Amino acid sequence: MDHEPRDGAPRRRPAGVRCHLGAAAVALLLFPAAVRAGCAGDAAGSRLAAIPAPTRVAFLRQRLEAARGPAETWTATWGFVDGALAIGQLAALPFASTRDGRIVLAAGAASAALGDAQMILLPITPPPAPPAGGDVCAELALLEAALERGARNQAVGTGLAAHASNLFLNAALGVLAALAGSQWRTGALTAGVGFALGEVQILTQPTGLVGELARYRAGDLSPAEPGAASARVRVLPRGGAVVSLVVSF
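Q: Describe the overall build of the chain, and please don't skip the residues or the numbers.
A: Each helix and strand counted, the chain has seven helices and two strands in total. From first element to last, N terminus to C terminus, the chain shows the α and β order α-α-α-α-α-α-α-β-β. When burial is assessed residue by residue, the chain has 33% of its 249 residues classed as buried. Looking at the chain as shown, the accessible area adds up to about 15,400 Å², and 68% of this sits on carbon and sulfur atoms.

This is the structure in structure tokens:
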């Protein structure tokens, strides 16, 4: 038979109620940590994982958008230059008065076409950002992939492999031109002009996403200092940006 407690005596909560209250308290204590925790795939305990996903999304959107303008300008400029050189030299072939002249024009058109092929195979312009307002972790994954892909392509396009490929391909075109022509000067002209244009294209390519990826992975989401310019030397796996000039506007 139940006994009512006397007036003034403390009432005891049932054991089940105490358990629920205790679980709720633990959930409230853990909830802020859950909000701060990163999305799936983050390295446990890393500085980046401790940054809220919406903050990381905002940073990635801003930095990818800032990198879009220089990348589009470089791609459009060199796409036009290489395309015009390839088409122009091919169009001039029937009007060349000598065999050596036709060889130089054909080799030059091939070299320019290779420059355009690099921009198609290794695009450095970030893709359009995904629509905002959806799953923040899915959005974060897409933006991280865009940053990594852009940084990798920029690094490969300005690394040792790019310089070595430029030298090798233009040297090969020069040898072929010399063998097909009647004098070695034909090959030297072909290789020299092609190599010089290729180096200018490589050295003027933007490399901003390489530095942004390094900052992001280190958990440094501070805004870039306006007007700061610096030259950086990097050694990255699978061919990196050996020397990059970083200018913030």
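Q: So, the pattern of salt bridges: which residues are in play, and what are the values?
A: Two side chains carrying opposite charge are able to pair once their charged atoms lie near each other. This model, assessed by the stated rule, comprises seven salt bridges. The partner of E144 in a salt bridge is R56, with the nearest N and O atoms 2.9 Å apart. Of this pair, E144 sits in helix 4 (residues 136–158) while R56 sits in helix 2 (residues 53–92); the two residues are 88 residues apart in sequence, bridging distant segments of the chain. Overall, R56 belongs to the buried group, its relative accessible area being 0%. One salt bridge connects E212 with R215, and the closest N-O pair in it is separated by 3.0 Å.

Q: Lay out the packing of aromatic side chains in plain terms, naming residues and giving numbers.
A: Under the counting rule described, the total for this entry stands at one aromatic pair. Aromatic side chains F59 and Y216 sit 6.2 Å apart centroid to centroid with 10° between the ring planes, which places their arrangement in the stacked category. Within this pair, whereas F59 is found in helix 2, its partner Y216 is found in helix 7 (residues 208–217), the two being separated by 157 residues in sequence. Y216 carries the same exposure label as F59, and that label is buried.

Q: How would you sum up helix 6 (residues 184–203)? Please name residues and give values.
A: Here helix 6 spans 28 Å end to end across 20 residues, near enough to the 28 Å set by a 1.5 Å rise per residue. If you check which residues of helix 6 are buried, you get T186, G187, T190, A191, G194, G198, E199, Q201 and I202.

Q: So what about helix 5 (residues 160–180)? Which residues, and what values?
A: An ideal rise of 1.5 Å per residue puts 30 Å on 21 residues; helix 5 measures up with 30 Å between its terminal C-alpha atoms. Buried within helix 5 we find A162, N166, N170, L173, G174 and A177. On an axial view of helix 5, the arc spanned by its buried residues comes to 100°, and they lie on one face. Facing away from the buried side of helix 5 by more than 90 degrees, the exposed set consists of L160, F168, L176 and L179. The inward-facing, buried residues of helix 5 abut helix 3 (99–121), helix 4 and helix 6.

Q: Would you mind going over the nonpolar core in detail, with residue names and values included?
A: Counting residues in each nonpolar core, the largest one holds 18 residues, and the members touching the most others are L60, L64, L140, L147, L209, Y216 and L221. Where this core is concerned, the elements lending two or more residues are helix 2, helix 4 and helix 7. If you tally residues by element for this core, the top one is helix 2, at six residues. Residues W74, W78, M119 and I124 belong to the second largest nonpolar core, which totals five residues.

Q: Account for the environment of A91, naming residues and giving values.
A: Note that A91 resides in helix 2. For A91, a relative accessible area of 46% translates into the label partly exposed. For the pair formed by A91 and L105, sequence separation is 14 residues and the distance between their alpha carbons is 9.2 Å.

Q: Quick rundown of the environment of L221? Include the residues and the values.
A: Structurally, the position occupied by L221 is in the loop between helix 7 and strand 1 (229–233). With 163 residues separating them along the chain, L221 and A58 place their C-alpha atoms 9.8 Å apart. Apart from the residues within four sequence positions on either side, L221 is in contact with L48, I51, T55, R56, F59, R215 and Y216.

Q: Explain the confidence of the model for the chain residue by residue, including any values.
A: Averaged over the chain, the pLDDT score is 77; the fraction of residues at 70 or greater is 71%. Under a pLDDT of 50 for its full length, residues 13–37 has, in the predicted model, seven contacts with residues more than four places off or in other chains. Here residues 226–249 is a poorly scored stretch, pLDDT under 50, and it has 45 contacts once near neighbours within four places are set aside; other chains count.

Q: Could you give an account of the packing of helix 4 against helix 5, naming the residues involved and the relevant values?
A: A pair of packed helices can be characterised by two numbers: the angle between their axes and the separation between those axes. Between helix 4 and helix 5, whose axes approach to 4 Å, the crossing angle comes to 45°. On the basis of the axis angle, helix 4 is oblique to helix 5. Along the contact surface, helix 4 presents V156, G157 and T158, while helix 5 presents L160, A162 and H163. In the contact of helix 4 with helix 5, the residues fall into three nonpolar, three polar and no charged.

What counts as what
- Residues numbered from 1 in each chain as written.
- Predicted model: local features only at pLDDT ≥ 70, side-chain atom pairs only at ≥ 80, totals over all residues.
- Heavy atoms only, no water.
- Helix = DSSP H or I, 4+ residues; strand = E, 2+ residues; numbered from the N terminus.
- Buried < 20%, exposed > 50% of the residue type's maximum accessible area, 1.4 Å probe, protein only.
- Areas by Shrake-Rupley, 256 points an atom, 1.4 Å probe, with all protein chains shown as cover.
- Salt bridge = Lys/Arg side-chain N within 4 Å of Asp/Glu carboxyl O.
- Phe/Tyr/Trp six-rings, centres within 6.5 Å; stacked < 30°, edge-to-face > 60°.
- Expected span 1.5 Å × (residues − 1).
- Arc of directions from axis to C-beta.
- Contact = heavy atoms within 4.5 Å.
- Core = buried A, V, L, I, M, F, W, Y, C linked by side-chain atoms within 4.5 Å.
- pLDDT = per-residue confidence, 0-100.
- Axes fitted to C-alpha atoms, helices over the stretch in contact; angles between N-to-C directions.
- Parallel < 35°, antiparallel > 145°, perpendicular 65-115°, else oblique.
- Nonpolar A, V, L, I, M, F, W, Y, C, P; charged D, E, K, R; others polar.

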